Amino acid sequence: MADVWTLLKLLRWTTEYFSSKEIDNPRLNAELLLAHVLELDRVGLYLDFERPLDNAELDAIRPLVKRRGQREPLQYLIGQAEFWSLPFEVTPAVLIPRGDTEILVEEALNRADQGQSLLDVGTGSGAIAVSLASELAGWQITALDISQDALDIAIRNAEKNRVAEQIRFVQADLAQLPQQQYDLIVSNPPYIAQAEWDELMPEVCCFEPKAALLAADSGLDCYHKLTGQAQDRLTSGGWLLVEIGYRQAQAVSELFTTAGLQDVFVRDDYAGQPRVVGGCKR
Ligand SMILES: C[S@@+](CC[C@H](N)C(=O)[O-])C[C@H]1O[C@@H](n2cnc3c(N)ncnc32)[C@H](O)[C@@H]1O
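Throughout, a residue's number is its position along its own chain's written sequence, starting from 1. Per-residue local features are limited, in this predicted model, to residues with pLDDT of at least 70; the limit for side-chain atom pairs, both in listing and counting, is 80 or more; totals at the level of whole chains, interfaces and linings are taken over all residues. In computing side-chain properties, one takes all heavy atoms of the structure into account and sets aside hydrogens as well as water.

Describing the sheet that holds strand E7 (residues 234-243)
Remark on secondary structure: sheet strands pair via backbone hydrogen bonds, oriented parallel or antiparallel. Within the open sheet, the 7 strands sit side by side as E5-E4-E3-E6-E7-E9-E8. Their pairing is mixed. Both edges of this open sheet fall to strand E5 (167-171) and strand E8 (262-268), since each of them pairs with a single strand only. Between one strand axis and the next, the sheet turns through 15 degrees on average, direction left out of account. Strands were regarded as paired on the criterion that DSSP finds at least two bridges between them. Strands are runs of DSSP state E lasting at least two residues, helices are runs of H or I lasting at least four, and both sets are numbered from the N terminus onward. Judged from the 5 bridges that link them, E7 and strand E9 (residues 274-280) form a sheet pairing that is antiparallel. Across the sheet, the residue bridging to tryptophan 239 is cysteine 280, located in E9. Throughout, a residue-residue contact means that at least one pair of heavy atoms, one from each residue, lies within 4.5 Å. Axis definition: a line fitted to C-alpha atoms, limited for helices to the stretch in contact. Angles are taken between N-to-C directions and run from 0 to 180 degrees. The sheet contacts of helix H7 (residues 127-135) involve strand E3 (117-121), strand E4 (140-145), E5 and strand E6 (182-187), and relative to E4 the element is tilted by about 175 degrees.

This is the structure in structure tokens:
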């Protein structure tokens, strides 16, 4: 008689397989992948542990387990990610939004007591723009990216989260920001230096878009371009806020100061690493 694969048996097998492939949080990855294919939530999985899986279900699960074993990111396999407790569609056209980037959203909200116009540079999936739109009723948000494929996903995410009317999507190079002044400019630009490429996990360097990650000039190129335009593109009292790599706090702060921005600050993330640099036009 053929082996019966119950949900629990498959979950245990998959968890061990993912462990052998050095995947972080193997049990959680296995649960989320199985829950996705079986269209259950994680509680539903636990309630169904003894259910035998049929051949169609096994056939649907096997290739995804194999791809995750080859380090393809879970979020691309299930087509979604969570950011700021909101659901986002993700494909390999966009960076998977990271929890650390929520620090940038927090810092933007801390400075949004006055004003109404905000620019998100390098919007990708739209994670930052959509999250801020969900919090800032009445603000007009511009979400800019060089990649039309990324913007198409961002538009769908704005619709999914019912904030599309608040956001204007613009395809442009951040070297030439729209000729307008904003009360807040936020950006999580590419900031990985070519020399750091080999330090990245396979999930990142083999699957996420290189153009979303790599930046010239030791990773500082986009910060040069953004700070160089800050005085022209910020209203008086407006803030530029950027996410940074953990080794870039000093260099980026100096760029802010050289650009004449005031009250320059560095904010750490919850792991204690420098994560956001900000400065104000006075
Ligand atoms: C690190 S990702 C950030 C995505 C998203 N904002 C997030 O935080 O998850 C950087 C984004 O910048 C975009 N980008 C890269 N170079 C650019 C350029 N020169 N002008 C405008 N956008 C650019 C990429 O397409 C990518 O979507």
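What to know about the site of the ligand
Any residue with a heavy atom positioned within 4 Å of a molecule or strand is treated as near that molecule or strand. Around the ligand sit 19 residues in total, of which Gly122, Asp145, Leu174, Asn188 and Ala212 are the nearest. Contact distances for the ligand include 2.8 Å between a nitrogen atom and a backbone N or O atom of glycine 122. Using the Shrake-Rupley algorithm and a 1.4 Å probe, accessible areas are obtained, with residue cover drawn only from the displayed protein chains. For the ligand, whose accessible area on its own is 600 Å², the fraction buried by protein is 92%. At the level of secondary structure, the elements contributing two or more residues to the shell around the ligand comprise E4 and helix H10 (210-213). Lys, Arg, Asp and Glu make up the charged group, whereas Ala, Val, Leu, Ile, Met, Phe, Trp, Tyr, Cys and Pro make up the nonpolar group; the residues left over, Gly among them, are polar. A breakdown of the residues in the shell around the ligand according to their chemical character gives 11 nonpolar, 6 polar and 2 charged. Each polar contact in these results corresponds to two N or O atoms within 3.5 Å; when the atoms are within protein, one needs to be able to donate a hydrogen and the other to accept it, and residues that are neighboring in sequence are counted only if both atoms are side-chain atoms.

Observations regarding the environment of glycine 126
Here glycine 126 shows up in the loop between E3 and H7. Taking C-alpha positions, glycine 126 is 7.6 Å from leucine 151, a pair spaced 25 residues apart along the chain. In contact with glycine 126, not counting residues within four places along its chain, are Phe88, Ser131 and Ala154.

Examining the pattern of salt bridges
What makes a salt bridge here is a side-chain nitrogen of Lys or Arg within 4 Å of a carboxyl oxygen of Asp or Glu, nothing more. Within this structure, the stated rule accounts for 21 salt bridges. In this structure, the salt-bridge partner of aspartate 3 is lysine 9, at a minimum N-O distance of 3.7 Å. A salt bridge links aspartate 269 to arginine 275; the nearest nitrogen and oxygen atoms lie 3.0 Å apart. Each member of the pair, aspartate 269 together with arginine 275, is buried. When accessible area is computed with a 1.4 Å probe and restricted to protein chains, residues below 20% of their type maximum are described as buried, those above 50% as exposed, and intermediate ones as partly exposed.

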